[in-house]
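Here are the chains, one letter per residue:
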Amino acid sequence: MKLYGHPMSTCTRKVLTTLAETNTPHDFVLVDFAKGEHKAPAHLAHQPFGQVPALEDDGFAMFESRAMCRYINEKVGGNLVPDSIQGRARMEQWMSVETSNVTPPIMKFVYHHIFKREQPADVLETATKSLDAAFTILDAHLGKHPYFAGETFSLADICYLPYFEYSMPTPVKAQIANYPHLAAWWGKVSERPSWLKVAGRA
Ligand SMILES: N[C@@H](CCC(=O)N[C@@H](CS)C(=O)NCC(=O)O)C(=O)O
């Protein structure tokens, strides 16, 4: 497989973690944002929205990071998707929550504190309230199950990792600490060898 992406990109990191967790051999092709390569025709042929990542596998090409994670796991027979229909449904449910309810407010803090794209105070206040609402629900679930899909680590956990990692130098870190089960989950998954390597902490 060939992955076109950037090592600092949250979406690239989900796919790199899936590749690492499934021991899938791959080539990594750097798309250099500083040179605008993501908007150049060569990359638009791989990812028509001018974003990363993009994947090629034996003549098959695709984009969208979460879809790529599902594809890779199925293609190589990985163990990152539960066997039962209910387990898969639960995994999909929490992946949708990540996309809809958690990542958008977390990214307001990441833009503001990490990427220096200043966000108005009321936007950050609303994001804090949205995260409290979401974290209450995540915390209740993780109080009953060790991972989002249930008893085993899955693609759902992988999808949250990049956003939580980037939120650590922001006020979101202290907010997560108010939710003991969520904090314990983060403490556990953020130390997986695959993630330490992808996040540049290994
Ligand atoms: N839904 C897409 C989002 C991809 C995305 O937002 N990529 C970011 C990096 S994490 C990007 O390429 N940003 C540059 C841009 O949008 O111009 C996916 O999951 O792959």
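This text goes with the structure placed above it.
Residues numbered from 1 in each chain as written. Predicted model: local features only at pLDDT ≥ 70, side-chain atom pairs only at ≥ 80, totals over all residues. Heavy atoms only, no water.

A short note on the site of the ligand
Part 1 of the reasoning: The environment of the ligand is formed by 13 residues, the closest being Lys39, Gln51, Val52, Glu64 and Ser65.
Part 2 of the reasoning: Between Val52 and the ligand, the recorded distance is 2.9 Å, taken from a backbone N or O atom to a nitrogen atom.
Part 3 of the reasoning: Within the side chain of Glu64, an N or O atom sits 2.8 Å from a nitrogen atom of the ligand.
Part 4 of the reasoning: Compared with its free state, where it exposes 510 Å², the ligand has 73% of that area covered by protein.
Part 5 of the reasoning: Within the residue set of the shell around the ligand, elements represented by two or more residues are helix H1 (10-21) and helix H3 (65-76).
Part 6 of the reasoning: Taken together, the residues that form the shell around the ligand break down as 4 nonpolar, 6 polar and 3 charged. (Near = heavy atom within 4 Å. Polar contact = N/O pair within 3.5 Å; in protein donor to acceptor, adjacent residues only side chain to side chain. Areas by Shrake-Rupley, 256 points an atom, 1.4 Å probe, with all protein chains shown as cover. Helix = DSSP H or I, 4+ residues; strand = E, 2+ residues; numbered from the N terminus. Nonpolar A, V, L, I, M, F, W, Y, C, P; charged D, E, K, R; others polar.)

Topic: the sheet that holds strand S1 (residues 2-5)
Part 1 of the reasoning: Read across the open sheet, the 4 strands follow the order S2-S1-S3-S4; overall the sheet is mixed. Each edge of the open sheet carries a strand with a single partner, namely strand S2 (27-30) and strand S4 (60-63). Ignoring which end each strand starts from, the neighbouring axes of this sheet average 20° apart.
Part 2 of the reasoning: Here S1 runs beside S2; their pairing, made up of 4 bridges, is parallel. For Leu3, the partnering residue across the bridge sits in S2 and is Phe28.
Part 3 of the reasoning: Where H1 meets the sheet, it contacts S1 and S2, and its direction lies at approximately 155° from that of S1.
Part 4 of the reasoning: Contacts from H3 reach S1, strand S3 (54-57) and S4, with the element oriented near 140° to S4. (Pairing = 2+ DSSP bridges. Axes fitted to C-alpha atoms, helices over the stretch in contact; angles between N-to-C directions. Contact = heavy atoms within 4.5 Å.)

Observations regarding the pairing of S4
Part 1 of the reasoning: Bridge analysis of S3 against S4 gives 4 bridges, and the strand direction is antiparallel. Bridging from a neighbouring strand, Glu56 pairs with Ala61 of S4.
Part 2 of the reasoning: Taking the residues between adjacent antiparallel strands as the criterion, S3 and S4 are bridged by 2 residues, where Asp58 takes a positive phi near 50°.

Points about the packing of helix H5 (residues 121-142) against helix H8 (residues 180-189)
Part 1 of the reasoning: Running from amino to carboxyl end, H5 crosses H8 at an angle of 70°, the nearest separation of the two axes being 7 Å. In terms of orientation, H5 and H8 fall into the roughly perpendicular class. Of the residues in H8, those touching H5 at Phe135, Leu138, Asp139 and Leu142 are Pro180, His181, Leu182 and Trp185.
Part 2 of the reasoning: By residue class, the composition of the contact of H5 with H8 is 6 nonpolar, 1 polar and 1 charged. (Parallel < 35°, antiparallel > 145°, perpendicular 65-115°, else oblique.)

Let's talk about the side chain of His46
Part 1 of the reasoning: Position of His46 relative to the elements: it lies in the loop between helix H2 (41-44) and S3.
Part 2 of the reasoning: In this structure the side chain of His46 is engaged in a polar contact, spanning 3.2 Å, whose partner is the side chain of Glu56.
Part 3 of the reasoning: The contact partners of His46, leaving out residues within four places of it in the chain, are Tyr4, Ala54, Glu56, Met62 and Phe63.

By themselves these figures say nothing about function.
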